[in-house]
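Architecture at a glance
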Amino acid sequence: MPEPEESYSAEAEATSRDPHDWGRAMALAVTRLAEQLAPEDAEDIHASLVDKDLCLNIRDDPAGVMIRVSVPRE
């Protein structure tokens, strides 16, 4: 996994350890990442993620899991 200074990353917490419940947290993390990558005046921020390879990290959290998505800086 790239070092933090070598990548853009975003996190969101899922309050369950069941993968079936992680959708909203994953979507929130991906949206936060897109906000970092998109130009300020972009109409569709998610277009900045198209054709990018994202790294997904899931780690235990007291309330469930923490989901982190990242993409290397270009």
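Given the structure is predicted, the values throughout are model-derived calculations rather than measurements.

As enumerated under the stated definition, the model contains two salt bridges in all. With its nearest N and O atoms 2.9 Å apart, the salt bridge here joins Glu11 to Arg59. Taken together, the positions of Glu11 in strand β1 (residues 7-14) and Arg59 in strand β2 (residues 55-61) put the pair 48 residues apart, joining distant regions of the chain. Note that Arg17 and Asp60 form a salt bridge whose closest N and O atoms lie 3.4 Å from each other.

Extensive coverage of strand β3 (residues 64-72) is indicated by the burial of eight of its nine residues. Where β1 meets β3, eight bridges bridge the pair, whose relative direction is antiparallel. Looking across to β3, one finds that Ser7 is bridged to Pro72.

The rules behind these values
Residues numbered from 1 in each chain as written. Predicted model: local features only at pLDDT ≥ 70, side-chain atom pairs only at ≥ 80, totals over all residues. Heavy atoms only, no water. Salt bridge = Lys/Arg side-chain N within 4 Å of Asp/Glu carboxyl O. Helix = DSSP H or I, 4+ residues; strand = E, 2+ residues; numbered from the N terminus. Buried < 20%, exposed > 50% of the residue type's maximum accessible area, 1.4 Å probe, protein only. Pairing = 2+ DSSP bridges.

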